[in-house]
Amino acid sequence: MPNHYAVAVIPGDGIGVDVINEGVRVLDHLADVTGAFRLDYERFNWSTARYFEQGSYMPSDWTKVLQPFQTIYFGAVGWPTVPDHISLWGLLLPIRKAFDQYANVRPVRLLPGLRGRLVGKGAEHIDFVCVRENTEGEYSGVGGRVHRGTPHEVAIQDIVFTRMGTERIIRYAFEYAVTRGRKSVQSVTKSNAMQFSAVFWDDVFEEVATEYPAIATQRYLVDAMAARFVTHPESLDVVVASNLFADILTDLGGAIQGSMGMPPSANIDPTRRHPSLFEPVHGSAPDIAGKGIANPLGTIWAGQMMLDFLGETESATLLMQAIEAVTQAGTVLTPDLGGTATTGKVTDAVIAALTHAGR
Ligand code: GGG
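Rules behind the numbers
- All residue numbers here refer to positions counted from 1 along the written sequence of the relevant chain.
- With the structure being a predicted model, the display of local features is reserved for residues of pLDDT at least 70 and the display and counting of side-chain atom pairs for 80 or more, all residues being used for whole-chain, interface and lining totals.
- Side-chain measures were taken over the full set of non-hydrogen atoms in the model, leaving aside hydrogen atoms and water.
- The pairing criterion is simple: DSSP has to find at least two bridges between the two strands.
- Secondary structure elements follow DSSP: runs of H or I no shorter than four residues count as helices, runs of E no shorter than two count as strands, and numbering proceeds from the N terminus.
- Note on method: axes are straight lines fitted to C-alpha atoms, helices fitted across the in-contact stretch only, with angles between N-to-C directions ranging 0 to 180 degrees.
- Residues are treated as being in contact if the distance between any of their heavy atoms lies within 4.5 Å.
- For this classification, under 35 degrees means roughly parallel, over 145 means roughly antiparallel, 65 to 115 means roughly perpendicular, and everything else is oblique.
- Handedness of each helix crossing follows the sense of rotation of the near helix against the far helix: counterclockwise by less than a right angle gives left-handed, clockwise gives right-handed.
- The residue classification treats Ala, Val, Leu, Ile, Met, Phe, Trp, Tyr, Cys and Pro as nonpolar and Asp, Glu, Lys and Arg as charged. All others, Gly included, are polar.
- Nearness is defined per residue: one heavy atom within 4 Å of the molecule or strand is enough.
- Each polar contact in these results corresponds to two N or O atoms within 3.5 Å; when the atoms are within protein, one needs to be able to donate a hydrogen and the other to accept it, and residues that are neighboring in sequence are counted only if both atoms are side-chain atoms.
- Residue-level accessible areas treat just the shown protein chains as cover; the underlying method is Shrake-Rupley with a 1.4 Å probe.
- Throughout, the edges of the domains are those of an automatic or database domain assignment.
- Two aromatic rings from Phe, Tyr or Trp, using only the six-membered ring of Trp, form a pair when their centres are within 6.5 Å; if the ring planes differ by under 30 degrees the pair is stacked, by over 60 it is edge-to-face, and anything between is tilted.
- Between buried and exposed lies partly exposed: a residue is buried under 20% and exposed over 50% of the maximum accessible area for its type, with that area taken using a 1.4 Å probe on protein chains only.
- What counts as a salt bridge is simple: a side-chain nitrogen of Lys or Arg found within 4 Å of a carboxyl oxygen of Asp or Glu.
- Any helix carries an expected span of 1.5 Å times its number of residues minus one.
- Taking the helix axis as origin, the arc is that swept by the directions to the C-beta atoms.

## Let's talk about the sheet that holds strand S11 (residues 264-268)
Logical step 1: Spatial ordering of the open sheet is given by S2-S1-S3-S12-S11-S4-S5-S10-S8-S9, a layout of 10 strands whose pairing is mixed. Two strands lie at the open edges of the sheet, namely strand S2 (37-43) and strand S9 (216-221), each paired on one side alone. The mean angle between the axes of side-by-side strands here comes to 25°, regardless of whether they run parallel or antiparallel.
Logical step 2: Lying on the sheet, helix H6 (residues 163-179) is in contact with strand S4 (103-109), strand S5 (127-133), strand S8 (184-189), S9, strand S10 (238-241) and S11; it crosses S5 at an angle near 160°.

Shown next, in the form of structure tokens:
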């Protein structure tokens, strides 16, 4: 009997819809091929369209609605007709916070066969993971604006680092290193300029590191780390950083993986008290939405991370092999990767690779 898992599917906006449908198609095929699991989906069309129709991205009881699911499979949020801070705070950020998905795991790996953008750096040089703090820091949502429109207008955006939040994400990074056979953890701050919050993070990092003597550590300023992504990606293993810093760095990570369409992202509540959320790193890309050319691989890879999280390790391995078979062959790729294939054709290629592997 296959294991059953309840999955909430939220395609969201733009290419989120295009790619999530393809991700579901692949996961269903994998379920058929292996017979190991079944995903029982419920689809929620929470999006900018809903915002215009009903005044909000999600219903007021959304936490109750989503809580029974084991995972959430998410596409993208954002559309030009709504300010980005309204859409992001209307859909994605509230879910991460309310469900305490404090560990945002984002692999930075150049898959075999893909042409990277760094001269002299191939798949053997670009293989690390970013662990992003996902519930506080620069995205704490604390602040305000007063005296709007006057010469003495004030805008305050508070950066909040709690000991609990900082310790647990740094410990998560070390545990990730230990359990995944990684050798080192790199911490990212800006402690020369931010003498309170960043120096606090550095202190906590040093404290937690003493519990993991077998794991090497390095500390970098975020500007130096941005350069290092480009110059020495092979020196990186598990990079742990605050909400904003890792958000920015992982877009750079997407670029060195060949395309923003590639990187996946797992928003994890490690306690499993709440559903965890899996999504591509990319956003809704309105310029190509609905054109059938969005790269589905980041979303399919996010589905692979979801299976791994659910404990379907063999199926997850099979799916990763199928994704890599497609990139290695290099014949069926979307335009962002230099190909001419459609979204659907790339999905078909992954499905064909799965079928082949499952025989
Ligand atoms: N699929 C992810 C997505 O829609 N991202 C939009 C975005 O702006 N995300 C910012 C973040 O990940 O904090």
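## Here's the deal with the packing of helix H1 (residues 15-34) against helix H10 (residues 297-310)
Logical step 1: Packing of H1 against H10 leaves a shortest axis separation of 8 Å and a crossing angle of 45°. In terms of their interaxial angle, H1 and H10 are classed as oblique. In the packing of H1 onto H10, the handedness of the crossing is right-handed. Contacts from Val19, Ile20, Gly23, Val26, Leu27 and Leu30 in H1 reach Thr299, Ile300, Gly303, Met306 and Leu307 in H10.
Logical step 2: Its residues assigned to classes, the contact of H1 with H10 comprises 8 nonpolar, 3 polar and no charged.

## A word on the site of the ligand
Logical step 1: Close contacts around the ligand come from 14 residues, with Gly75, Arg96, Arg132, Pro280 and His282 the closest.
Logical step 2: With respect to the ligand, the backbone of Val77 contributes an N or O atom lying 2.9 Å from an oxygen atom.
Logical step 3: With the chains in place, 86% of the 360 Å² that the ligand exposes on its own is no longer accessible.
Logical step 4: Among the residues making up the shell around the ligand, the classes are represented as 6 nonpolar, 3 polar and 5 charged.
Logical step 5: Mapping the shell around the ligand onto the domain boundaries places at least three of its residues in each of domain 1 (1-103 + 259-359) and domain 2 (117-256).

## What about the packing of aromatic side chains?
Logical step 1: Overall, the coordinates contain 11 aromatic pairs when judged by the stated rule.
Logical step 2: A ring pair is formed by Phe174 and Phe205, whose centres lie 5.5 Å apart and whose planes are at 35°; its orientation type is tilted. With Phe174 in helix H6 and Phe205 in helix H7 (residues 197-209), this residue pair connects regions lying 31 residues apart in the sequence. Comparing Phe174 with Phe205 shows no difference in burial state: the two are buried.

## A closer look at the pairing of S10
Logical step 1: Side chains Val238 and Val240 project from S10 onto one buried face, and the interleaved Val239 and Ala241 project onto a second face that is buried too.
Logical step 2: The pairing of S5 with S10 spans 4 bridges and is parallel. Residue Val129 lies in a different strand from S10, and its bridge partner there is Val238.
Logical step 3: Here S8 pairs with S10 via 4 bridges, running parallel. Within S10, the position partnered with Gln186 by the bridge is Val239.

## Some words on the side chain of Glu312
Logical step 1: Along the chain, Glu312 turns up in the loop between H10 and helix H11 (313-329).
Logical step 2: A distance of 2.8 Å separates polar atoms of two side chains, one belonging to Glu312 and the other to Asn3.
Logical step 3: Residues in contact with Glu312, not counting those within four places in the same chain, are Asn3, Tyr5, Ala36, Phe37 and Leu307.

## Notes on the pattern of salt bridges
Logical step 1: Taken as a whole, this structure holds 20 salt bridges when the rule is applied.
Logical step 2: The partner of Asp100 in a salt bridge is Arg168, with the nearest N and O atoms 2.8 Å apart. Taken as a pair, Asp100 in the loop between helix H5 (92-98) and S4 and Arg168 in helix H6 lie far apart in primary sequence, 68 residues in all.
Logical step 3: According to the relative accessible area criterion, Arg168 is buried, its value standing at 15%.
Logical step 4: With its nearest N and O atoms 3.1 Å apart, the salt bridge here joins Glu167 to Arg163. Of the two residues, Glu167 and Arg163 are both situated in helix H6; the distance of 4 residues between them amounts to about one turn of the helix.
Logical step 5: Judged by relative accessible area, which is 23%, Glu167 ranks as partly exposed.
Logical step 6: The class for Arg163 is partly exposed, based on a relative accessible area of 39%.
Logical step 7: A cluster of three or more residues bridged by salt bridges with shared partners is formed by Arg163, Glu167, Arg171, Glu207 and Glu211.

## Here's the deal with unusual backbone geometry
Logical step 1: Residues other than glycine seldom take positive phi values, yet Arg272 does so here, at roughly 65°.
Logical step 2: Take Arg272: it is sitting in the loop between S11 and strand S12 (276-280).
Logical step 3: A positive phi angle is found at Ala285, which is not glycine, with a value near 40°.
Logical step 4: Looking at the element boundaries, Ala285 is found in the loop between S12 and H10.
Logical step 5: By relative accessible area, Ala285 is classed as partly exposed at 22%.

## Side note on H7
Logical step 1: For H7, spanning 13 residues, the distance from its first C-alpha to its last is 18 Å, which sits close to the expected 18 Å at 1.5 Å a residue.
Logical step 2: Among the residues of H7, Ser197, Ala198, Trp201, Asp202, Val204, Phe205, Val208 and Ala209 are the ones counted as buried. Down the axis of H7, the buried set is contained in an arc of 165°. They therefore lie on one face.

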